[in-house]
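These are the residues of each chain, in order.
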Amino acid sequence: MNKVFEHISILCVEDDELTLLALSKMLKKRVSTLYPASSGAQALAIYEKEKPDIVITDISMPGMSGLELTREIKKRSPDTPVVIITSYTDSQNLQDALNIGADKLLCKPIQKEELFDVLNYFNQLVFNAKQVRRQQYQLSQLDTIIDHTLMVARLDKNGNYTYVNERFEQKLGLQENQLLGKYFDITFAPQSAKESQDIWKKVTQNHLIEKSIVHITDKGIEVQTEATIMSLHDQQNRVYGYYAIFHDVSGALHANELLHQQELAKTKDSFLVIFTHELKTPLNAIMNFTKYVSKRLHKSEQKEALRLGGILDDVYTNACDMLEHIQSILDIAKLQHENLQLNLHTFDLVSLINDITKPLDQLLVQDNITLTSDLPTRHILHSDQLTLKRII
């Protein structure tokens, strides 16, 4: 029965040219890669370069013998299967081959089915070993990822730390020797420490718990984590310790809070825009009404008209001031959303300041205050006059 060994490479060593040719012909179509060699020295050089999965070698060869070749290969890779082919059957040769680590001995003439049965056995061993190495490599990568992203700790049966990774130390600002032998809640913030006994009870009863836990650093800063604590079992299913993984979610919570604040600010800005627009309508109506009434006052008696006119002037002035404030609020909202448009033109800054301070002249005289300016008689600017007035 033919067997196909697709995933292995074989080094075949035989000093007899015809025997090597026969072995090569037998193996070539059944293995993925075949390396033929006619001497021990040549075979060792090929092995060091190619690292084949299985070695088949004659025992008796000039120069480096099959036994010496086997010894050198086992020094370099004890797990590489070596099959020795011999025409000798004396016990000393067999014992020597076994002593140096040969995995199987076959006697000449080689029976094809016997050889393939041996290769089939070692093929499975090699395949399993490769799978184990692959899984070990993947696990080492996973360990590296975990160590760089998660806080990891091991606890004994009583809940005391027996190991913490570097990430754990870095996040909390603590050294491993400060934690080993200490109860696991030593790093908990007060609000989580209160629950530690309940957490431990659930872990020991259920063997697995997922819980939000707040740690506290050496600087007193809280670190919010999502924790998974699970029990570790031996082959008899007895608990010998616990594994704890803490995922720091403080950044995510801060980001969510920041997003909430941003949404709140947007809502506030929207409210101000709507609110100020709602105020502008009645204010404009008041201002227009005062103008209308002022025109009608000319038909009233002079004394009464003056009194009412003064009142209307005050109403109009206050309405104008309020409208200016409302417009300022609108401008701030526009500025925050990068939507403020400036109306640029040329004007005299000194005249603008005088217009602003003129309504205050009477109050300044009463309080004996004098305003002075370092500006020249005229100071021409090219800017948004109305926006600058609001700022001043």
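Because the structure is a prediction, the values reported are computed rather than measured.

Q: Explanation requested: the layout of surface pockets in the structure shown.
A: In this approach the atoms are scanned with a rolling probe the size of a water molecule, which exposes any empty space left behind. Estimated volume of the second largest pocket: approximately 320 Å³. Lining the second largest pocket are 15 residues, and of these D79, T80, P81, A129 and R133 lie nearest its centre. Here the residues of the lining of the second largest pocket sort into eight nonpolar, two polar and five charged.

Q: How should I be thinking about the packing of helix 1 (residues 17–28) against helix 5 (residues 112–149) in this particular structure?
A: How two helices sit against one another is set out by the angle between their axes and by the gap between those axes. Where helix 1 contacts helix 5, the two axes come as close as 12 Å, and the packing angle between them is 55 degrees. By the angle class used here, helix 1 and helix 5 are oblique. Between helix 1 and helix 5 lies a crossing of right-handed hand. Residues L23, M26 and L27 of helix 1 form the contact with helix 5, whose own contacting residues are K112, L115, F116 and L119. Of the residues belonging to the contact of helix 1 with helix 5, the class tally is six nonpolar, no polar and one charged.

Q: I'm lost on helix 12 (residues 349–357) in this one. Help?
A: Taken together, the buried positions of helix 12 are occupied by L349, V350, L352 and T357. In a view along the axis of helix 12, the buried residues occupy a sector of 160 degrees, so they form one face of it. The distance from a side-chain oxygen at the start of helix 12 to the backbone nitrogen of V350 is 3.2 Å, and the residue carrying that oxygen is D348.

Q: Even after reading the chapter, I still don't get the environment of L208, so can you show me in this structure?
A: Its place among the elements puts L208 in strand 8 (residues 208–216). As a C-alpha pair, L208 and A244 span 36 residues in sequence and 9.7 Å in three-dimensional space.

Q: Please explain unusual backbone geometry as it appears in this structure.
A: Here the amide bond leading from K108 into P109 is cis, since omega sits at -5 degrees, within 30 degrees of zero. With a phi close to 65 degrees, H207 is a non-glycine residue in the positive phi region. Relative to the elements of secondary structure, H207 occurs in the loop between helix 9 (196–206) and strand 8. Of note, the phi angle at N237 is positive, near 65 degrees, even though the residue is not glycine. By the secondary structure assignment, N237 is in the loop between strand 9 (222–233) and strand 10 (239–248). N237 gets classed as exposed once you look at its relative accessible area, which sits at 56%.

Parameters and conventions
- Residues numbered from 1 in each chain as written.
- Predicted model: local features only at pLDDT ≥ 70, side-chain atom pairs only at ≥ 80, totals over all residues.
- Heavy atoms only, no water.
- 1 Å grid on protein atoms, 1.4 Å probe; cavity = no way out; pocket = protein on both sides within 12 Å on 5 of 7 lines; lining within 4 Å.
- Points joined across faces, edges and corners; volume = space filled by probe spheres on them.
- Nonpolar A, V, L, I, M, F, W, Y, C, P; charged D, E, K, R; others polar.
- Axes fitted to C-alpha atoms, helices over the stretch in contact; angles between N-to-C directions.
- Helix = DSSP H or I, 4+ residues; strand = E, 2+ residues; numbered from the N terminus.
- Parallel < 35°, antiparallel > 145°, perpendicular 65-115°, else oblique.
- Left-handed = near helix turned anticlockwise from the far one by under 90°.
- Contact = heavy atoms within 4.5 Å.
- Buried < 20%, exposed > 50% of the residue type's maximum accessible area, 1.4 Å probe, protein only.
- Arc of directions from axis to C-beta.
- Polar contact = N/O pair within 3.5 Å; in protein donor to acceptor, adjacent residues only side chain to side chain.

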